[in-house]
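So the chains spell out like this:
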Amino acid sequence: MTENKAGWPLYEVFVRPRRGLNHVHVGSLHAADDRMALLNARDLYTRRNEGVSLWVVRSDAICASTPDEQDPFFAPSGDKVYRHPTFYDIPEDVPHI
Amino acid sequence: MTATDSGERALEDRFEAVVGADQRVEPRDWMPEAYRATLVRQIAQHAHSEIIGMQPEGNWLTRAPSLRRKAILLAKAQDEAGHGLYLYAAAETLGVDRAELTEKLIDGRQKYSSIFNYPTLTFADVGVIGWLVDGAAICNQVPLCRCSYGPYARAMVRICKEESFHQRQGYELLMTLMRGTEAQRAMVQDAVDRWWWPSLMMFGPPDGDSPNTERSMAWRIKRHTNDELRQRFVDMTVPQAQHLGVTLPDPALAWNEERGGWDFGEPDWSELKQVIKGNGPCNAERVERRRAAHEDGAWVREAALAHAEKKRRSAQ
């Protein structure tokens, strides 16, 4: 459901809180076009200096995995404990590792 | 048991496990229909309250006593519009449409908080609304930051941060008036007298008369009962009233040493029922105003869309 009765599509809003950080999803809004989506996002999500940069993207342009956390989609990483540094036993007296 | 039955059962077990472990339910998760319906009703009502809530104070925008007070009041009304939008967006993640919710509000099929059906007669009301009404709203809303439905909980985190400004500006406004003339102090007391009981009613009917509370608590949508939150609000507010130098209009108000809280009188529940039914002092006016704003704004929404369409075509 991305078109409401007024016909304004739904946008997702991402804010970069300050330099050096990633853009983070903060919510959504309706707007007639990209420009209006940016302006509305500024007024709605950054009224108190919450951001230095904004992304807006139409919700129907987002491709998502299924929401289930036990989804087989994420299974490939489930059994690869050797990807984590703690998998390896190193003697305590070996420095800097 | 058929395959669908057991499939449904497994989904329900997953849902119960997520809620039971105090994790968050997210938009595309399976959820019981009644859970979804309860959330849509509650979030929509909450969103409508923010939008309608702009009106009582909006009444004073053009007559604020100074540019400073006017700028503050404008910022507050803008926050309320923002809160309404966060909440409509949260409701939309449950598969409803914002335009449809607005229709339901102006057709009277969905409700908003009864508090906004009282008039704002003096500028002291602006202060008392910030102090008591927003104070009560904060009491209600802080536990909602831990609501089991993720988008609602996240919207509440943003809202609660901003509400704190609303409450403090109200209290500061009242402190300023209390330092003024005798007439100004009387104006504050009069506003407190009118808003105290309706503020207590914001927490809803007493627990014995609140049939949905138990289920909402089991689903961790609600974390405390109406009466618990009301008590918390009274305990927080009495010392603030003392500091301000106003009298809360309740002769039964007394410190109870034994349980470490304030005893207080029973609100007039028949009044709350009347206001919810639509018979409060301003119900008709509030909805009419919202309807007019919606209908008068239709051409703007259509023009914006036509403009977007024209630009899209010329870009092709």
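Scroll up to find the structure.
All values derive from a computational prediction rather than experimental measurement.

### Describing the overall build of chain B
Tallying secondary structure elements over chain B gives 13 helices and 2 strands in all. A globule of 316 residues ought to have a C-alpha radius of gyration of about 20 Å, and chain B, at 22 Å, matches this closely. Viewed in the frame of its principal axes, chain B has a C-alpha envelope of about 70 × 65 × 35 Å. With 316 residues in all, chain B has 50% of them scored as buried. Here the analysis covers contacts within chain B between residues at least 6 apart in sequence; of these, 78% occur between residues at least 24 apart. For chain B, the accessible area works out to roughly 15100 Å², and carbon and sulfur atoms hold 55% of it. For chain B, the distance from the average site of its 41 positive side-chain charges to the average site of its 45 negative ones is 7 Å.

### Let's talk about the packing of aromatic side chains
Residues and elements named next belong to chain B. Counted by the stated rule, this structure contains 13 aromatic pairs over all chains. Each ring, one from Trp131 and one from Tyr171, has its centre 5.8 Å from the other, and the planes form 65 degrees; the classification is edge-to-face. Here the residue Trp131 occupies a position in helix H6 (residues 124–141), and Tyr171 occupies one in helix H7 (residues 150–178), the gap between them amounting to 40 residues. For Tyr171, a relative accessible area of 16% gives the class buried. Through a chain of ring-to-ring contacts, the aromatic side chains of Phe15, Trp30, Tyr35 and Trp219 assemble into a single cluster. When the ring centre of Trp60 is taken as reference, the NZ or CZ atom of Arg63 above it lies at 4.4 Å.

### Focus: the pattern of salt bridges
Evaluation of the coordinates by the stated rule reveals 30 salt bridges over all chains. One salt bridge in this structure joins Asp79 of chain A and Lys80 of chain A, with 3.3 Å as the shortest N-O distance. Each of the salt bridges in this network shares a partner with another, and the network as a whole consists of Asp107, Arg109, Glu288, Arg291 and Glu295 of chain B.

### Points about the side chain of Arg69 of chain B
All names here are of chain B. Position of Arg69 among the secondary structure elements: in helix H4 (residues 67–92). A residue is classified by how much of its surface remains accessible, and Arg69, at 10% relative accessible area, is buried. Here the side chain of Arg69 touches Thr176 through a polar contact of 3.3 Å, side chain to side chain. Setting aside residues no more than four positions away along its own chain, Arg69 makes contact with Ala64, Phe123, Gln169, Glu172, Leu173 and Thr176.

Conventions we followed
- Residues numbered from 1 in each chain as written.
- Chains lettered and ligands numbered in written order.
- Predicted model: local features only at pLDDT ≥ 70, side-chain atom pairs only at ≥ 80, totals over all residues.
- Heavy atoms only, no water.
- Helix = DSSP H or I, 4+ residues; strand = E, 2+ residues; numbered from the N terminus.
- Rg over C-alpha atoms; globule rule 2.2 N^0.38 Å.
- Buried < 20%, exposed > 50% of the residue type's maximum accessible area, 1.4 Å probe, protein only.
- Contact = heavy atoms within 4.5 Å.
- Areas by Shrake-Rupley, 256 points an atom, 1.4 Å probe, with all protein chains shown as cover.
- Lys, Arg positive; Asp, Glu negative; His and termini not counted.
- Charge placed at Lys NZ, Arg CZ, Asp CG, Glu CD.
- Phe/Tyr/Trp six-rings, centres within 6.5 Å; stacked < 30°, edge-to-face > 60°.
- Lys NZ or Arg CZ within 6 Å of the ring centre and 35° of its normal.
- Salt bridge = Lys/Arg side-chain N within 4 Å of Asp/Glu carboxyl O.
- Polar contact = N/O pair within 3.5 Å; in protein donor to acceptor, adjacent residues only side chain to side chain.

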